[in-house]
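Observations on chain architecture
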Amino acid sequence: MTTSTADMLHPEIEALEHDDLQAIQRTKLTALGKRLSAAPEWVAHFGESGMKPDDLADPQALSNLAFLQKSQLRERYPFPMLGIDGAKVDRFCATSGTTGLPVLFGYTQRDMQELLANQVARQLYAHGCRPGDRGYNGFGFGLWVGGLAYDLGMARLGMTNFPVGPGRSDLVVEWMRDMEWSLATVSPVFLATLIRTSREKGIDPKTDWKLKQAVIGGQSVSLAFRDELEAELPADFKTYNTYGTTEAGGPIVAASCPWSHARDEMHLINEDTVLTEILDPETFQPVGPGEVGEIVVTTLDKQASPVVRWRTRDLVRLSEHPYDFPCGRKGMRNIGRIIGRSDDMLKVRGVIVYPSQVEDVIATTPGTVKEAWQIYVDTPGSAPKQMVVAIERERSYNGADNELAEAVGRSLTSRLGLKVPVECHPEGTLPRYEAKAQRVLVRD
Ligand SMILES: [Zn+2]
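Residues numbered from 1 in each chain as written. Predicted model: local features only at pLDDT ≥ 70, side-chain atom pairs only at ≥ 80, totals over all residues. Heavy atoms only, no water.

**With respect to the packing of aromatic side chains**
Worth spelling out the cut-off: Aromatic contacts are taken between Phe, Tyr and Trp rings whose centres are within 6.5 Å, Trp giving its six-membered ring; a plane angle under 30 degrees counts as stacked, one over 60 as edge-to-face, and the others as tilted. The helix and strand labels rest on DSSP assignments: H or I over at least four residues marks a helix, E over at least two residues marks a strand, and numbering proceeds from the N terminus. Residue exposure (1.4 Å probe, protein chains only): buried if accessible area is under 20% of the type maximum, exposed if over 50%, otherwise partly exposed. Each ring is checked for a lysine NZ or an arginine CZ that lies within 6 Å of its centre and within 35 degrees of its normal; such an atom marks a charge sitting over the ring.
One pass over the structure, following the stated rule, counts nine aromatic pairs. On the numbers, 5.2 Å between centres and 20 degrees between planes, the contact of Phe79 with Phe92 is stacked. Of the two residues, Phe79 is situated in the loop between helix H4 (70-75) and strand S1 (91-94) and Phe92 in strand S1; the sequence distance between them amounts to 13 residues. Classification of Phe79 by relative accessible area gives partly exposed; the value is 44%. Arranged with centres 5.3 Å apart and planes meeting at 45 degrees, the rings of Phe162 and Trp181 form a pair that is tilted. Of this pair, Phe162 sits in strand S4 (residues 160-162) while Trp181 is found in the loop between helix H7 (169-178) and strand S5 (183-186), placing the two residues 19 residues apart along the sequence. Among the aromatic residues, ring-to-ring pairing joins Tyr136, Phe162, Trp175 and Trp181 into one connected group. When the ring centre of Tyr107 is taken as origin, the NZ or CZ atom of Lys302, which lies over that ring, is 4.1 Å away. When the ring centre of Tyr376 is taken as origin, the NZ or CZ atom of Arg443, which lies over that ring, is 4.0 Å away.

**Section: the coordination of the zinc ion**
Worth spelling out the cut-off: Metal sites are built from N, O and S donor atoms within 2.8 Å, or 3.2 Å for Na, K and Ca, and they leave out water, so they may look incomplete.
Distances from the zinc ion to its protein donors, namely Cys257 (SG), His267 (NE2) and Cys327 (SG), fall within the range 2.0 to 2.2 Å. One chain supplies every donor to the zinc ion, and in sequence these donors are spaced C-x9-H-x59-C. Taken together, the residues span a long stretch of sequence, with His267 in strand S9 (residues 265-267) and Cys327 in the loop between strand S12 (310-317) and strand S13 (334-336) at a distance of 60 residues. Among the residues examined, Cys327 registers a relative accessible area of 14% and is labelled buried.

**Comments concerning the environment of Leu29**
Heads up, the condition is: The contact criterion used throughout is that any non-hydrogen atoms of two residues lie within 4.5 Å.
Of note, Leu29 is situated in helix H2 (residues 18-36). Overall, Leu29 belongs to the buried group, its relative accessible area being 5%. Along the sequence, Leu29 and Ala363 sit 334 residues apart, while their C-alpha atoms lie 42 Å from each other. Discounting residues that sit within four places of it in the chain, Leu29 has contacts with Leu56, Leu62, Leu275, Thr298 and Leu300.

**Description of the packing of H7 against helix H8 (residues 188-200)**
Going by this rule: The axes are straight lines fitted to the C-alpha atoms, using for helices just the contacting stretch, and the angles between their N-to-C directions are given from 0 to 180°. The labels follow the angle: roughly parallel below 35 degrees, roughly antiparallel above 145, roughly perpendicular from 65 to 115, and oblique for the rest. Throughout this entry, Asp, Glu, Lys and Arg are counted as charged residues, while Ala, Val, Leu, Ile, Met, Phe, Trp, Tyr, Cys and Pro are counted as nonpolar. The remaining residues, Gly among them, count as polar.
Between H7 and H8, whose axes approach to 9 Å, the crossing angle comes to 75 degrees. Between H7 and H8, the angle is such that the two are roughly perpendicular. The residues of H8 that touch H7, namely those facing Ser169, Asp170, Val172, Val173 and Met176, are Phe190, Leu194, Thr197 and Ser198. Class assignment for the residues of the contact of H7 with H8 results in five nonpolar, three polar and one charged.

**A look at the environment of Gly50**
Its location among the elements puts Gly50 in the loop between helix H3 (40-47) and H4. Between the C-alpha atoms of Gly50 and Leu430, which are 380 residues apart in sequence, the distance is 49 Å.

**Brief notes about the sheet that holds strand S10 (residues 274-279)**
Applied cut-off: Strands were regarded as paired on the criterion that DSSP finds at least two bridges between them.
An order of S10-S11-S12-S14 is seen for the four strands of this open sheet, with the pairing classed as antiparallel. Of all the strands in the sheet, just S10 and strand S14 (340-341) have a single pairing partner and so form its edges. Examined bridge by bridge, strand S11 (residues 292-299) and S12 share five bridges and lie antiparallel to one another. Each residue of the ladder has a partner; that of Val297, found in S12, is Trp310.

**Notes on unusual backbone geometry**
The residue after Tyr77, namely Pro78, is reached through a cis peptide bond having omega 5 degrees. Along the chain, Pro78 falls in the loop between H4 and S1. Although it is not a glycine, Glu180 sits at a positive phi angle of roughly 50 degrees. As for its placement among the helices and strands, Glu180 is situated in the loop between H7 and S5. You can call Glu180 partly exposed: its relative accessible area is 42%. With a phi close to 70 degrees, Arg313 is a non-glycine residue in the positive phi region. Residue placement: Arg313 occurs in strand S12.

**A closer look at the nonpolar core**
The tendency in soluble globular proteins is for nonpolar side chains to be buried side by side. What counts here: By nonpolar core is meant a set of buried Ala, Val, Leu, Ile, Met, Phe, Trp, Tyr and Cys residues that side-chain atoms within 4.5 Å join together.
Among the nonpolar cores identified, the biggest contains 58 residues, and Leu116, Leu124 and Ile335 are the most heavily contacted of them. What Leu116 contacts, discounting residues up to four positions off in sequence, is Tyr107, Asp111, Val145, Leu148, Ala149, Leu152, Gly249 and Ile252. If you look at the next biggest cluster of nonpolar residues, it comprises 23 residues, including Leu346, Val348, Trp373 and Leu418.

Any link to function would need more than the numbers given here.
See the structure below:
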């Protein structure tokens, strides 16, 4: 195996050892503390932990600061903790608002054109995109940061962008062939729809498309579903998982290279601009290799709406081997795909259940619709007495509903160690989600 920097857009950063990345983080934390000292809301926030922003100059200080939570941002509606004069904000993005009113996050001109553009361009380059390549931006625009982020990243890399946004599958599958797009940024569910639409029109995605990379955002996708998508597309095609949040500044916290893709992992690829802690959700101590923790982020360079120790509530497993990768990104730790949200974690009759475990079972059971499934619980909160899994049966599947439900039920029992009732519905009847799916719903 070769260690080369040829696949890095920013080898001067990407090839650094972890210690050297941490040195950059320390310098930037000191500067961040200085900036926040001028912002009364931030001074008050540090004050609640008995600290002041300038304390960030001490490398030990960060771990003493209380986490930043969504409720604290909501209290400061409408422009929470901007950190700078509001007139300097060029654009606002917002969280999806699936759990309440959207929270606004500001971007200065520099936050977009320098920071976000470079973060996303680095990721695209790691996926194998190169200047001159043609990209179809199928992410949403408006308040969501996804579409904006990939517009900026493609422009920075020198790619040609077709910002179609979500939907218009009839048009997209023809343009995909005729314009020879090599990159698609798209939800995995919509990519599956595109493959189906294409076949219906007599266009074979495997031979008629030139697609090489799909950036999968918004939803975590199981290994089985990923493999299924890749089997239907050209031989050199791969789906590249990415992870990020609006609070962290965009879809920029983690992304896979071809090597980490093979292991179903992602690099924390922007650690020079986003400091990521992976903490045990109960003790809040850093987890070790192979352990599950919650991602906590601190934006180091963002001018407007910085976050310091933002609790994402997203749970991931730190790689068994967090350093020294054949791709040459020696210091950029690898994480698995998102396992679930710490507040989505269910404790059913004493057994811990993550929605992603249910997803894995559905993804590997033939005859189920992969993108449509729900967990219904009888009471709000994380400890329901009863949970029911609802699945859809594919139209083309020959077996009976009860056989399919029993097959899923058996796998769930062996996977979870818990007997779970399974309902089977016709294809097209359960809810669909464009961005983050809400897999757990309360039903009486
Ligand atoms: Zn890599």
